[in-house]
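Here is what each chain is made of, one letter per residue.
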Amino acid sequence: DAKTTQPPSMDCAEGRAANLPCNHSTISGNEYVYWYRQIHSQGPQYIIHGLKNNETNEMASLIITEDRKSSTLILPHATLRDTAVYYCIVRVSGYSTLTFGKGTMLLVSP
Amino acid sequence: NAGVTQTPKFQVLKTGQSMTLQCAQDMNHNSMYWYRQDPGMGLRLIYYSASEGTTDKGEVPNGYNVSRLNKREFSLRLESAAPSQTSVYFCASSEVVGPGNTIYFGEGSWLTVV
């Protein structure tokens, strides 16, 4: 699996958009970009994933650059409950699972 | 709306004791996984089962055994627990192994080996 690089921590004000970056410069054409988050003492929660195109669901938007070497997860209106560690993961084709790094700790403040 | 259910949620073991962590999913998924998470670190894959009847080693399989009992259940056994196995264990499942398939996680089992 391609390696990802994320900032260790970020802050965001409640109600504002949270933009979490991820670099994956060695990504190959058949690798998806996944985002999960983990709220303290809970299991990881799936947020969104994409291959080439931008994606949006009820939780977030995923913006993938045209060269696919980086992506941004956008939480449009962050709330206190969005405080969590956010993991960006890339995943090869075939039989493979998720490899979690250390992620970004997002702190949403009032 | 159970999803992935793990038991027990908390367990304290003495060094050398054995125990089994149980996991069941109700989403009719083919693939199941066991991860461990140590403080300040991401999740590391212990074992996975791509489909009923198959199991494969992950990143950190030493000291563990697994059994895919049926399509719903995937257990993790510690034959002789060691303090280094103190961790939080997560079971997960997905429709199949491979990209484009979402992995869903249980709530975790906190294991302390003294």
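Keep in mind the model is a prediction, meaning the values are calculated, not measured. In this numbering scheme, every chain counts its residues from 1 along its sequence in written order. A letter from A marks each chain and a number from 1 marks each ligand, given out in the order of writing. Only residues with pLDDT of at least 70 get local features here, since the model is predicted, and only at 80 or more are side-chain atom pairs given and counted; chain-wide, interface and lining totals rely on the full set of residues. As a convention, hydrogens and water are excluded, and side-chain values are obtained from all of the structure's heavy atoms.

Here a helix means four or more residues in a row that DSSP labels H or I, a strand means two or more in a row labelled E, and each is numbered from the N terminus. Summing up its helical and strand segments, chain A has zero helices and nine strands in all. What you see in chain A, going N to C, is helices and strands ordered as β-β-β-β-β-β-β-β-β. A simple rule labels every residue: compare its accessible area, found with a 1.4 Å probe on the protein chains alone, to the largest value its type can have, and call it buried under 20%, exposed over 50%, or partly exposed in between. Burial analysis of chain A (110 residues in total) assigns 43% to the buried set. Residue contacts are counted whenever heavy atoms from the two residues lie within 4.5 Å of one another. Taking all contacts inside chain A whose residues are at least 6 apart in sequence as the whole, residues at least 24 apart take part in 57%. Put simply, chain A shows about 5600 Å² of open surface, and 51% of that area lies on carbon and sulfur atoms. When charges are tallied, Lys and Arg are placed among the positive residues and Asp and Glu among the negative ones, while His and the ends of the chain are skipped. For charged residues, the charge sits on one atom: NZ in Lys, CZ in Arg, CG in Asp, CD in Glu. Of the charged side chains in chain A, 9 are positive and 9 negative, and the gap between their average positions amounts to 4 Å. Only the protein chains shown count as cover for residues, and all accessible areas are computed by the Shrake-Rupley method using a 1.4 Å probe.

Residues and elements named next belong to chain A. In what follows, a disulfide is any cysteine sulfur pair within 2.5 Å. Applying the stated criterion to the full structure yields two disulfides over all chains. Each sulfur in the disulfide pair C22 and C88 lies 2.1 Å from the other. Every disulfide takes its handedness from the sign of the S-S torsion; for C22 and C88 that torsion is -80°, giving left-handed. With C22 in strand β2 (residues 18–23) and C88 in strand β8 (residues 84–91), the pair connects residues that are 66 residues apart, well separated along the chain.

Residues and elements named next belong to chain B. Tracing the backbone shows A82 in the loop between β8 (74–78) and β9 (87–94). With a relative accessible area of 24%, A82 lands in the partly exposed category. Along the sequence, A82 and E107 sit 25 residues apart, while their C-alpha atoms lie 23 Å from each other.

Geometry of aromatic contacts follows a simple scheme: Phe, Tyr and Trp rings, the Trp one being its six-membered ring, pair when their centres are within 6.5 Å, and the pair is stacked under 30 degrees between planes, edge-to-face over 60, tilted otherwise. Counted under the stated rule, the structure contains ten aromatic pairs over all chains. Aromatic side chains Y34 of chain A and Y46 of chain A sit 6.5 Å apart centroid to centroid with 65° between the ring planes, which places their arrangement in the edge-to-face category. One end of the pair, Y34 of chain A, is in strand β3 (residues 32–38); the other, Y46 of chain A, is in strand β4 (residues 45–50), and twelve residues separate them in sequence. Both rings, one in F10 of chain B and one in W110 of chain B, keep their centres 5.7 Å apart while their planes meet at 40°; by these two values the pair is tilted. Pair noted here: F10 of chain B is in strand β2 (residues 10–13) and W110 of chain B is in strand β11 (residues 109–113), with a separation of 100 residues, a long-range link. Aromatic ring contacts, followed pair by pair, group Y32, Y34, Y36 and Y46 of chain A together with Y33, Y35, Y48 and F105 of chain B into a single cluster.

Moving on: unusual backbone geometry. In this chain, T7 of chain B is followed by P8 of chain B through a cis amide linkage whose omega measures -5°. With respect to the element layout, P8 of chain B can be found in the loop between β1 (4–7) and β2. Positive phi, normally seen in glycine, also occurs at S41 of chain A, with a value near 70°. Locating S41 of chain A in the fold gives a position in the loop between β3 and β4. Here S41 of chain A falls in the partly exposed class, since its relative accessible area comes to 39%. Positioned with a positive phi, N28 of chain B is a non-glycine residue whose angle comes to about 60°. By the secondary structure assignment, N28 of chain B is in the loop between β3 (19–25) and β4 (31–37). Given a relative accessible area of 56%, N28 of chain B falls into the exposed group.

Further remarks concern the sheet that holds strand β1 (residues 9–13) of chain A. Residues and elements named next belong to chain A. The five strands lie next to each other as β1-β9-β8-β3-β4, forming an open sheet whose pairing is mixed. Each end of this open sheet is capped by a strand with a single partner; those strands are β1 and β4. Taken pair by pair, the neighbouring strands of this sheet meet at an average axis angle of 25°, ignoring direction. At least two DSSP bridges between two strands are needed for those strands to be called paired. Each axis is a line fitted through C-alpha atoms, taken for helices only over the stretch in contact, and angles between the N-to-C directions span 0 to 180 degrees.

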